[in-house]
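These are the residues of each chain, in order.
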Amino acid sequence: MLDKGENIKRRILVPVIIALVVISTIAVSITYRSQTQRIQLSATTKISQARLLLQMLLKKDTELLSSLNNYVRQIPALQNDWLKGDKQALLHNALPVYNELNKRYGVTHFYFIAKDTRCFLRVHQPNRSGDVINRLTMQKAINNKAMGAGVELGPLGTLTLRVVYPWYIKGELTGYIELGQEIDYAISSLHKMLGLELVLLLKKNLLDQQRWVDTMQKLGRENLAWQQFNTHVIIDRTMGKSPKLETRLYDEYTLNHQASKQGQISTITGDDHRHFSTGFIPLIDAGGNDVGFIAIFDDITPDQLALQSFSTTLILSLIVIAIIIFGGFYRYIDKIEQSLLTSVRKLIEASLAREAVLKQANNATAEANQLKNRFLANMSHELRTPMNGVMGMLQVLHETPLTEQQSGYLNVALDSSRDLSKLISDLLDFSRMECGELIFEKHTFDLHTLFHDTVTGLAETARKKGLQLTEQISPDVPVKISADPHRLKQVLNSLIGNAIKFTQQGSIAVHLGIRQVEQEETMLVFHVLDTGIGVAEQMHEQIFSPFIQADGSSTRHYGGSGLGLAIAKKIIEQAGGKIHIDSAAGEGSCFYFTLPITHEN
Ligand code: ADP
């Protein structure tokens, strides 16, 4: 038991370790998740800001071009030249205006368009005219009779914000003026303002492949390849060429970021293991057509590295804390365990000492009992010798001629000495029984004769009380049996003697029968029935215990030691039988017992 110390420690410490590990894991994963979410959130915010900023830039530029267009339409010299249809004069007067607008506001396109939508004059380069302008912004201006504005994609991949106005002079429609601005700057503006990387991709089917490739070659922009993707071509990028990253972004766009999912942000890893949060801004032209998209990258690598080092530090700190807690707990439990073990040891010692004392006391009691029983047995034996002498002499005296009075006294003395002799016999048997020294013998004898003689021996006593004593033996009861005849006679004497003692009138019937219990086993069954005072049911068990009498007050009236039934029970059980009583107070008694026999033929 004392060796279980390690077990106690293990039982407490194992759950403690598990709890520490679980708590640490939860703490680390919660921290990691919340930090990852924070990084994601900041990327999402930046990308949303980019979307908003682009919208704002376009809106602001539309407003600017709109007011510039208003200004241009009001210039009298231009109105005169226009009404006269003097192209040279118009170019002469419009060129300084265009240069000024180009320099100050980045205006790159300036058209004078006739009512039939033919281009009358391009102030910007190339200076062409006579072609029909059928762009969406133009259509809008005609249809609305007011401003037509929006972004339009050129065959070379230029995105131009165009603002077209009908030109009314003195209330009459004379034609149209268009101002435009290439919006490539938007990409670099977003890059500078938000610190994001951007890539502009346009749909190939809206471009003129040959012209585009030639132009790019002329411009020396070999890093833009027509073949790179199936449906789109990269027009501009704010960072160096990164084929792996661009392929990922293209896959990501075609897989997950179709028109319905524009708002989503995802994380992709680039060529140099850098991580980017990516979002997409769709590009919609003046007619509401999808012409391409801008991919936005937010480099979250530094954040992620910081998160990783933070997590590592956190895990290491938790391990150190766990080791400290564990060590402290280990020592604490060790102390508790030591004091527990000491207490248990003391308890065991105390209980062992108590056990020893008890054992000693028990031994002493058993020894004392043994001595007492032996003394009783010796005493009873010693008492019997003079008692036999007294009884013998009284018997002799009874044979001599005596007066009637003397004879009366002598009878009383004889009865008393017989009672005393019976009492001494019972005491002797009981003492021997207690010492385990009750002697049993086994003889073959005539059961019928023994039964008859025993009943007859008590017939005189019964007759004197005016009681009828009858006997009966079933015919199938064997004559010769092998048992202890002396002890059987003793039991019968005791039961019949009690029946006579506790019956004032009526009869006593003694019966001997036989019962087949099992194939092999036969039982003799003895019944002693009387019409006496009976025994109350609650006393049925107790009267078989030594010194117990059914009614304490009856002692004086009936006499007796309370040992007869206890001795009878012991003898019967020793022989393998059982004794029972069937009785009720005032209704007579029936004592019956069984005895297994091996009968001799
Ligand atoms: P005792 O010496 O008192 O007769 P026993 O052990 O023989 O001792 O009987 C115990 C008690 O059982 C008796 O005192 C008596 O109260 C009750 N008893 C025994 N036999 C009978 C009987 N036949 N009728 C009524 N009571 C009986």
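Note that the structure is predicted; figures quoted are calculated from it, not measured.

Cut-off values and rules
Residues numbered from 1 in each chain as written. Predicted model: local features only at pLDDT ≥ 70, side-chain atom pairs only at ≥ 80, totals over all residues. Heavy atoms only, no water. Core = buried A, V, L, I, M, F, W, Y, C linked by side-chain atoms within 4.5 Å. Buried < 20%, exposed > 50% of the residue type's maximum accessible area, 1.4 Å probe, protein only. Helix = DSSP H or I, 4+ residues; strand = E, 2+ residues; numbered from the N terminus. Contact = heavy atoms within 4.5 Å. Near = heavy atom within 4 Å. Polar contact = N/O pair within 3.5 Å; in protein donor to acceptor, adjacent residues only side chain to side chain. Areas by Shrake-Rupley, 256 points an atom, 1.4 Å probe, with all protein chains shown as cover. Phe/Tyr/Trp six-rings, centres within 6.5 Å; stacked < 30°, edge-to-face > 60°. Lys NZ or Arg CZ within 6 Å of the ring centre and 35° of its normal.

Peer 1: Any chance you could explain the nonpolar core here in plain terms?
Peer 2: Nonpolar side chains in soluble globular proteins tend to end up buried together. Counting residues in each nonpolar core, the largest one holds 69 residues, and the members touching the most others are F110, F112, L159, I294 and F297. Sorting elements by how many residues they give to this core places helix α1 (residues 5-73) first, with 7 residues. Apart from residues no more than four positions distant in its own chain, F110 is found in contact with V72, A94, V97, Y98, L121, R122, V123, H124, I177, E178 and L179. I481, A568, I572 and F593 belong to the second-largest nonpolar core, a separate cluster that totals 44 residues.

Peer 1: What should I look at first to understand the site of the ligand in this one?
Peer 2: Every one of the 20 residues lining the ligand counts as a neighbour, but N498, D530, Q549, S561 and L565 are closest to it. In this structure, an oxygen atom belonging to the ligand sits 3.0 Å away from a side-chain N or O atom of K501. A distance of 2.8 Å separates an oxygen atom of the ligand from a polar atom in the backbone of L565. Taken by itself the ligand offers 530 Å² of open surface, and the protein chains cover 97% of this. Elements represented by at least two residues in the shell around the ligand include exactly α11 (485-501), α13 (564-574) and β17 (589-597). Examining the composition of the shell around the ligand, we find that 3 residues originate from one element, α11, more than from any other.

Peer 1: How should the packing of aromatic side chains be read in this particular structure?
Peer 2: Inspection of every chain in the model, using the stated rule, returns 17 aromatic pairs. Between F229 and Y250, the ring centres sit 4.4 Å apart and the planes meet at 10°, which makes this aromatic pair stacked. Taken together, the positions of F229 in the loop between α6 (209-218) and β7 (232-237) and Y250 in helix α7 (residues 243-256) put the pair 21 residues apart, joining distant regions of the chain. Seen from their ring centres, F280 and F293 are 5.5 Å apart, and the 75° between their planes marks the pair as edge-to-face. Taken together, the residues F280 in strand β9 (residues 275-284) and F293 in strand β10 (residues 290-299) connect sequence positions 13 residues apart. Of the two residues examined, F280 and F293, each falls in the buried class. Here the aromatic cluster, defined as three or more aromatic residues joined through ring pairs, consists of W82, F110, F112, F120 and W167. Between K87 and the ring centre of F120, over which it is positioned, the NZ or CZ distance is 5.1 Å. Of note, R487 hangs over the ring of F440, and the distance from its end group to the ring centre comes to 5.8 Å.

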